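Residue-level structural notes
Here's the letter readout for the chains.
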Amino acid sequence: MTRATKPMSLTVNDRQVGPVAVPEGLMMQDFLHEYLNLTGARMGCGQGICHACTVVVEEEDGTLAEMRTCIVGAHWFEGRRVRTIEGIAERDTDGAVTDLSPVQQAFIEHFSFQCGYCTPGFVIGATVLLDRLQREPVSREDLEEVITEALDKHICRCTGYIRYLEAVRDVALKTPGLVTS
Amino acid sequence: MKKRFVVFYTAGVVLIFMFAAAVAVFFGAFQSSVVGSEVEEPLLPDERKALAERGAYVATAADCYACHTAPGGAPWAGGLPIETPFGIIYATNISPDKEHGIGEWTRAEFHRAMRDGVGKHGAPLYPAMPYVSYRKMTPEDVDAVYAYLMSREPMPVADKTNELTFPFNMRRLLRFWNLLNLPGDTFQARDDRSEQWNRGHYVVDALGHCGECHTPRNVMMGMKESAYLQGAVLEGMEAPDVTREGLLRMGFDAPSLAHFMQRGVSAQGGMTGDMFEVVHFSTQYMRQEDLDAMAAYLFDVDDIAAAEEPPPQPEPVEVSAEIAASARGTYLNLCSGCHGASGEGIPHVAVPMTTNITLRLEDPRNFLQTVLHGIPELDFPGVERMQPMPDFADKLDDQELADLATWMRARWGGQGSDVSPSDVENLRREAHD
């Protein structure tokens, strides 16, 4: 199969990208790393298992979805709005981080990560989960299970799972409207 | 006047006779047993001990464990729900527990359950228990399984009550079913075929009970012998045609089939769903000579070494430019990351598409179901593992998936018929029924 290029346009972290000629079948992760210099989405397994490479897709209805970039072609994102780990924190006009997102802040406070390789994926996964909880709040007793289920597919080789879980639980409990009493 | 009387009289007699016959069947008067009287004699403890080890192998080849142990349940204690069009039947406890299992069953009662489909107290078993197939087992093999099961740990786990609708909850009605669907004969070796072929026939029909899934069922849910092993749809998936023609179509030769049954994964793809369980619990443990015999029989050759070569890769079929453009984009975006841009796959990670069985089947059902619902992580025999395949039900609309199916089936499976969006829609609806 010849790898012809095809023009593509998308929005990444609120910035319009393209049209840019991108080889068909190039994986999204390679596009982010090589074309946009956004290297935060990590290459882990390259097989769609570890979820270190995920990004947020902002759907047209305003909801957020998580997508793996190591096994999904760049052209699948044509016309879509994507948020990578680099676009999660608040930044000033110079691009310097001014405010971490609540999830990022909680991960630091809970010492959730050690080597940090899986952290971008966990931030993305937790961000998408909290977005869902805003629309579909869960009861307090179900909260741990819901977090576990949502983040279960993310692999952490330092086994920091419990601290990730505690951090996300903290954010969910502190944010009004996510957990019903 | 007289003539009328005769007609009435005759009709009355016929009706009474039919009613009497029905009552007789209902109460078991016409049950045909293939169990000989020699098994009335109990096995001596020493005999049981000597038989148990062989029984472990026979029970494995007959795949008893897969149904009689629920996931996460106690071994041999039953409890697996088996969904039928008439309700749920629960597999029973066949550990030697005296209260809940078969601890009090005699050798003869066990033989009658296995080969006549009759329980300890004479009530018919539901044919979810494949006694129609096990009927062909030799008395020696049944003895061995009995000896093996009796050597297991008793599990005090009560059987679950079946959830069947009326009239299917009346076990005695199965006597009518048996009358029509339970063959009177037992396994007969054929003198004009080799030992290997005959052994394969026995492994396929009696132990492996392959026909229970691969032979379509008639209106009475009995195995339709005229379409023996020609494939059937079960729980939304096709158990493919495993006759010689069907196997050749899928790209097998006899040795590669034997290998596939043992390893569960090969160039032809990976076993999934119910067939994964068959490999997981049963065929991976079969002896090489039994795997070879099974393959020789299915390919209808006397010697596996003499089996013909597999057919060449089917020629790609042209599809319209519109379908190709849509499907190629989908494939490169959502499939190629694992299955390769040219369908070559990644060894030990994702199976190749170029030689995949599913693309060569006439019915696109299995392909569509797999793409819609994905495949869970699978732990194949040995050290092979397969990562989960994602589900794409909410990533692809009916048209995109239909185009993908048409294109992949044409390109690698040599299938010329277009898959339509309504095919996809129907399968999506089936999943919700």
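Keep in mind that what you see is a predicted model, and the values were worked out from it rather than measured.

**Some thoughts on the packing of aromatic side chains**
On inspection of all chains with the given rule, the structure shows 17 aromatic pairs over all chains. Ring centres 5.4 Å apart and planes at 40 degrees place the aromatic pair Phe252 of chain B and Phe260 of chain B in the tilted group. Taken individually, Phe252 of chain B and Phe260 of chain B each receive the classification buried, so the pair is uniform in this respect. An aromatic cluster is defined as three or more aromatic residues linked by ring pairs; in this entry it consists of Phe107, Phe122, Tyr161 and Tyr164 of chain A.

**Some words on a negative patch on the surface**
The grouping of Glu141, Asp142, Glu145, Glu149 and Asp152 of chain A at the surface amounts to a negative patch. With respect to the helices and strands, the residue Glu149 of chain A is situated in helix α4 (residues 143-151).

**Quick look at the interface of chain B and chain A**
Of the residues lining the interface, 15 residues belong to chain B; the matching set on chain A comes to 15 residues. In total, chain B and chain A occlude about 1400 Å² of area from one another, counting both sides; carbon and sulfur atoms represent 59% of this. Residue Arg328 of chain B is joined to Glu24 of chain A by a salt bridge in which the shortest nitrogen-to-oxygen separation is 3.0 Å. The interface formed by chain B and chain A includes 4 residue pairs in polar contact (both at pLDDT 80 or more). Elements with a minimum of two residues in the side of chain B that touches chain A: α14 (321-339) and α16 (398-412) of chain B. Sorting elements by how many residues they give to the side of chain B that touches chain A places α14 of chain B first, with 7 residues. Class assignment for the residues of the side of chain B that touches chain A results in 7 nonpolar, 5 polar and 3 charged.

**Details of the sheet that holds strand β1 (residues 5-12) of chain A**
In sheet architecture, strand pairing relies on hydrogen bonds along the backbone and comes in two forms, parallel and antiparallel. All names here are of chain A. On the basis of which strands lie adjacent, the open sheet formed by 5 strands has the order β2-β1-β5-β3-β4 and mixed pairing. The sheet is open, and its two borders are formed by β2 (15-23) and β4 (64-67), each paired with just one other strand. When strand polarity is set aside, the average angle formed by the axes of neighbouring strands in this sheet is 40 degrees. Note: β1 against β2, 7 bridges, orientation antiparallel. Paired with Pro7 across the bridge in β2 is Ala21.

**Considering the pattern of salt bridges**
Under the counting rule described, the total for this entry stands at 29 salt bridges over all chains. Ionic pairing is found between Lys174 of chain A and Asp170 of chain A, a salt bridge with its closest N-O pair at 3.8 Å. Of the two residues, Lys174 of chain A and Asp170 of chain A both sit in helix α5 (residues 161-174), 4 residues apart, roughly one turn of that helix. Asp398 of chain B is the partner of Arg428 of chain B in a salt bridge, and the nearest nitrogen-oxygen pair spans 2.7 Å. Placement of the pair is Arg428 of chain B in helix α17 (residues 421-432) and Asp398 of chain B in helix α16, with a sequence separation of 30 residues. Residues joined in a network through salt bridges with shared partners are Asp14, Glu58, Arg81 and Arg83 of chain A.

**As for the domain arrangement of chain B**
All names here are of chain B. Splitting chain B by domain gives domain 1 (1-30), domain 2 (37-181), domain 3 (195-216 + 227-306) and domain 4 (321-432). In this assembly, 24 residues from domain 3 lie in contact with 23 residues from domain 4. Of the roughly 1900 Å² buried between domain 3 and domain 4, counting both surfaces, carbon and sulfur atoms make up 61%. Ranking the residues of domain 3 by area buried against domain 4 places Glu238, Arg249 and Phe276 at the top, with a combined share of 29%. Run the count over domain 3 and domain 4 and you get 0 salt bridges. Summed over the shared surface of domain 3 and domain 4, the number is 7 residue pairs in polar contact (both at pLDDT 80 or more). Counting residues per element, the ones that place at least two in the side of domain 3 that touches domain 4 are β5 (237-239), α10 (244-250), α11 (254-263), β7 (269-270) and α12 (273-281). Residues that form the side of domain 3 that touches domain 4 fall into these classes: 11 nonpolar, 10 polar and 3 charged.

**Some details on the sheet that holds strand β1 (residues 81-84) of chain B**
Residue and element names in this part refer to chain B. With antiparallel pairing, 3 strands are arranged side by side in an open sheet as β1-β2-β3. With partners counted over all chains shown, the strands left at the sheet margins are β1 and β3 (163-164), one partner each. Here 2 bridges tie strand β2 (residues 87-90) to β3, and the two strands are oriented antiparallel to one another. The residue of β3 that forms the bridge with Gly87 is Leu164.

**Looking at the domain arrangement of chain A**
Residue and element names in this part refer to chain A. Along its sequence, chain A is carved into domain 1 (5-87) and domain 2 (90-180). On a C-alpha basis, the centroid separation for the pair domain 1 and domain 2 is 21 Å. Facing 20 residues of domain 1, the contacting portion of domain 2 comprises 17 residues. Of the roughly 1500 Å² buried between domain 1 and domain 2 on both sides combined, carbon and sulfur atoms contribute 61%. Contact with domain 2 buries area across many residues of domain 1, yet Leu64, Glu66 and Ile85 alone supply 35% of it, more than any other trio. Counting the contacts that link domain 1 with domain 2 gives 1 salt bridge. The partner of Lys153 in a salt bridge is Glu66, with the nearest N and O atoms 3.9 Å apart. When contributions to the side of domain 1 that touches domain 2 are tallied by element, the ones reaching two or more residues are β3 (55-58) and β4.

**Considerations on a nonpolar patch on the surface**
Residues and elements named next belong to chain A. Taken together, the side chains of Val97, Leu100, Ile108 and Phe113 present a nonpolar region at the surface, about 310 Å² in accessible area. Residue placement: Leu100 occurs in the loop between β7 (97-99) and α2 (102-109). Here Leu100 falls in the partly exposed class, since its relative accessible area comes to 33%.

**Considering the nonpolar core**
Across soluble globular proteins, nonpolar side chains have a tendency to be buried as a group. The biggest cluster of nonpolar side chains holds 128 residues, and the ones touching the most others in it are Leu10, Phe31 and Phe77 of chain A together with Met137, Phe367, Leu401 and Met408 of chain B. Residues in contact with Met137 of chain B, not counting those within four places in the same chain, are Val58, Met114, Arg115, Val142, Val145, Tyr202, Ala206 and Leu207 of chain B. In terms of nonpolar packing, the next biggest core, distinct from the first, is built from 29 residues, Phe122, Val146, Ala150 and Leu178 of chain A among them.

Reading the values: rules and limits
- Residues numbered from 1 in each chain as written.
- Chains lettered and ligands numbered in written order.
- Predicted model: local features only at pLDDT ≥ 70, side-chain atom pairs only at ≥ 80, totals over all residues.
- Heavy atoms only, no water.
- Phe/Tyr/Trp six-rings, centres within 6.5 Å; stacked < 30°, edge-to-face > 60°.
- Buried < 20%, exposed > 50% of the residue type's maximum accessible area, 1.4 Å probe, protein only.
- Patch = residues over 30% accessible without salt bridge, like charges linked within 9 Å, V, L, I, M, F, W, Y side chains within 5 Å.
- Areas by Shrake-Rupley, 256 points an atom, 1.4 Å probe, with all protein chains shown as cover.
- Salt bridge = Lys/Arg side-chain N within 4 Å of Asp/Glu carboxyl O.
- Lys, Arg positive; Asp, Glu negative; His and termini not counted.
- Charge placed at Lys NZ, Arg CZ, Asp CG, Glu CD.
- Helix = DSSP H or I, 4+ residues; strand = E, 2+ residues; numbered from the N terminus.
- Contact = heavy atoms within 4.5 Å.
- Buried area = accessible area lost by both parts, 1.4 Å probe.
- Polar contact = N/O pair within 3.5 Å; in protein donor to acceptor, adjacent residues only side chain to side chain.
- Nonpolar A, V, L, I, M, F, W, Y, C, P; charged D, E, K, R; others polar.
- Pairing = 2+ DSSP bridges.
- Axes fitted to C-alpha atoms, helices over the stretch in contact; angles between N-to-C directions.
- Domains from an automatic or database assignment.
- Core = buried A, V, L, I, M, F, W, Y, C linked by side-chain atoms within 4.5 Å.

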